[in-house]
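Residues per chain are reported as follows:
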Amino acid sequence: MRRALALAQRGVGHTQPNPAVGSVVVREGRVVGEGYHHRAGEPHAEVLALRGAGDAARGATLYVTLEPCNHYGRTPPCTEAILAAGVRRVVAATGDPNPKVAGSGFERLRAAGVEVEVGLLGRESEALNPWYPTFVRQGRPWVHLKLATTLDGRLATRTGDARWITSEAARREVHHLRHRSGAVVVGAGTVRADNPTLTVRAIRPPGGAHQPLRVVVSRHLELPQEARIFSPELAGRTVAVTGPAAPIDAEMRLRERGVEVWRLPLGSDGILAGGLDLAELLRRLAGAGVASLLVEGGGTLAASWLEGGRVDRVSWYVAPTFTGDARAVPALAGRGVERLADAWRLRPVRVRRVGPDVVFEGVPVRRSATDGAPAGS
């Protein structure tokens, strides 16, 4: 199963909206076939492992990191391939939370006389695709908010200087977060101040680097046309999200550079920075196959996702430095709270060192919540 997990890791970042899955076929103590899901629409891990095993799969044990599917999607059911191959036993790390599967794969195999075991290294398997349950159950991307600040909670100095607050080790981790995400979103202020590319550059993950969909939010498209995020030389796609009042000529200039422009209505269910409809953006992203979203900044945008109740996880990197300046750029620039009883808290919180920096990770909940449920649930 550990080998199956290592194989699945090669597909992380490349398979969305499908989960990353690995599989190994073992007969008489010897690995005879293995595979992992490469991309959505391509054969699943079990099918590739069985192809590699050939006739040796008959009477063998198949290890897989996720319950085999039992429905027709872009590919036939994996249960059919397992039964046709004559596999005697299936060991799965975890069940599939997708309502289209949700135990039916195991039921089909057991009904056909295949021995099924579930739960081996289940936590490790779930950690490969933390976004997957949210996407298949709620039909929206799982939202991961990343913040990098000084000890006094600042994103940049009062002049906008933010390079670099955190260490090189922390910045490499952020590239891993981008690689694992279907899309990365920033606000117009971040584009103007930092001129980012939002690409994966500093790492070489197994299976190669995945370039997420780049998303910049600007209600009136007040964006520098020469910004690096709009460069046609960058791999992958860029989307500018704007409102109904944005100038048509600004939209056309971006489209001429290959940038997609999504116009959203003003907010109703959840307000995005600039008054745009957060729920509609999530629907558009899900429709584009984005199952996980990394929110990178700035302070107004980050606060709008939290206050809209749509953040599923926070990773807050804190550097051992401080500005001592009340005019420096705050990490969160939202409505805030009047009482500490209403403040946000990370639960369960994980604290670890990354080089000289410290990162706090957890699910954001209101401190006054009695059930500990995420604020957006």
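Everything quoted here is computed from the prediction, not taken from an experiment.

A word on the overall build of the protein chain
Here is step 1 of the chain: Summing up its helical and strand segments, the protein chain has eleven helices and 16 strands in all.
Here is step 2 of the chain: By the compact-globule yardstick of 21 Å for 377 residues, the protein chain fits well, its C-alpha radius of gyration being 23 Å.
Here is step 3 of the chain: Its C-alpha atoms give the protein chain principal-axis dimensions of roughly 70 × 45 × 40 Å.
Here is step 4 of the chain: Across the 377 residues of the protein chain, 52% fall into the buried class.
Here is step 5 of the chain: Once local pairs closer than 6 in sequence are excluded, the contacts in the protein chain between residues at least 24 apart make up 68%.

A closer look at helix H7 (residues 168-180)
Here is step 1 of the chain: Counted at 1.5 Å a residue, the expected span for H7 with its 13 residues is 18 Å, and the 19 Å between its end C-alpha atoms agrees.
Here is step 2 of the chain: Within the span of H7, buried status applies to Ala170, Val174, His175, Leu177, Arg178 and His179.
Here is step 3 of the chain: Contact partners of the buried residues in H7: strand E6 (142-149), strand E8 (183-187), strand E12 (292-297), strand E13 (313-318), strand E15 (344-354) and strand E16 (357-366).

So, the UniProt feature "binding site: substrate" (unreviewed entry) in the protein chain
Here is step 1 of the chain: If you check UniProt for "binding site: substrate" (unreviewed entry), the listed places come out as Arg178, Leu198, Arg201 and Glu296 in our numbering. When the annotated set is filtered for residues lining the largest pocket, what remains is Arg178, Leu198, Arg201 and Glu296.
Here is step 2 of the chain: The residue Arg178 is located in helix H7 in this model.
Here is step 3 of the chain: The class of Arg178 is buried, set by a relative accessible area of 8%.
Here is step 4 of the chain: Those residues in contact with Arg178, other than ones at most four positions away along the chain, are Val184, Leu198, Thr199, Val200, Arg201, His210, Pro212, Leu294 and Glu296.
Here is step 5 of the chain: With respect to the element layout, Leu198 can be found in the loop between helix H8 (188-194) and strand E9 (213-217).
Here is step 6 of the chain: Those residues in contact with Leu198 that lie beyond four places of it in its chain are Arg178, Val184, Val186, Pro212, Arg214, Ile229 and Glu296.

Considering the environment of Leu264
Here is step 1 of the chain: Turning to its location among the elements, Leu264 is positioned in the loop between strand E11 (260-263) and helix H10 (278-287).
Here is step 2 of the chain: Assessed through its relative accessible area of 2%, Leu264 is described here as buried.
Here is step 3 of the chain: Filtering out sequence-adjacent residues up to four positions away, Leu264 remains in contact with Val241, Thr242, Gly243, Pro244, Leu276, Asp277, Glu280, Leu281 and Arg284.

Digging into the UniProt feature "binding site: NADP(+)" (unreviewed entry) in the protein chain
Here is step 1 of the chain: In the numbering adopted here, UniProt assigns the feature "binding site: NADP(+)" (unreviewed entry) to Ala148, Trp164, Thr190, Asp194, Gly298, Gly299, Thr300, Leu301, Ala302, Ala303 and Ser304. Spanning 157 residues, the named residues are also spread out in space, since their farthest C-alpha pair is 24.5 Å apart. As for the annotated residues named above, the ones lining the largest pocket are Ala148, Trp164, Thr190, Asp194, Gly298, Gly299, Thr300 and Leu301.
Here is step 2 of the chain: Its place among the elements puts Gly299 in helix H11 (residues 299-307).
Here is step 3 of the chain: Apart from residues no more than four positions distant in its own chain, Gly299 is found in contact with Leu155, Pro330, Ala331, Leu332 and Ala333.
Here is step 4 of the chain: Mapped onto the fold, Thr300 is located in helix H11.
Here is step 5 of the chain: Take Thr300: its relative accessible area is 46%, and that puts it in the partly exposed class.

Here's the deal with the pairing of E11
Here is step 1 of the chain: Sheet topology note: the strand E10 (residues 238-242)/E11 ladder contains four bridges and is parallel. Note that in E11 the partner of Ala240 across the bridge is Val261.
Here is step 2 of the chain: Note on the crossover from E10 through helix H9 (residues 248-256) to E11: the handedness is right-handed.

What about the packing of helix H3 (residues 78-85) against helix H4 (residues 104-111)?
Here is step 1 of the chain: Their axes nearest at 10 Å, the elements H3 and H4 cross at an angle of 20°. One way to sum up the angle between H3 and H4 is to call them roughly parallel. Here H3 and H4 pass one another in a crossing that is right-handed. Two secondary-structure elements touch here, H3 through Thr79, Glu80, Ile82 and Leu83 and H4 through Gly105, Arg108 and Leu109.
Here is step 2 of the chain: Grouping the constituent residues of the contact of H3 with H4 by class yields three nonpolar, two polar and two charged.

Rules used in this analysis
Residues numbered from 1 in each chain as written. Predicted model: local features only at pLDDT ≥ 70, side-chain atom pairs only at ≥ 80, totals over all residues. Heavy atoms only, no water. Helix = DSSP H or I, 4+ residues; strand = E, 2+ residues; numbered from the N terminus. Rg over C-alpha atoms; globule rule 2.2 N^0.38 Å. Buried < 20%, exposed > 50% of the residue type's maximum accessible area, 1.4 Å probe, protein only. Contact = heavy atoms within 4.5 Å. Expected span 1.5 Å × (residues − 1). UniProt positions renumbered as here; feature names shortened; annotations may be inferred. 1 Å grid on protein atoms, 1.4 Å probe; cavity = no way out; pocket = protein on both sides within 12 Å on 5 of 7 lines; lining within 4 Å. Pairing = 2+ DSSP bridges. Right-handed = clockwise from strand over helix to strand, strands pointing away. Axes fitted to C-alpha atoms, helices over the stretch in contact; angles between N-to-C directions. Parallel < 35°, antiparallel > 145°, perpendicular 65-115°, else oblique. Left-handed = near helix turned anticlockwise from the far one by under 90°. Nonpolar A, V, L, I, M, F, W, Y, C, P; charged D, E, K, R; others polar.

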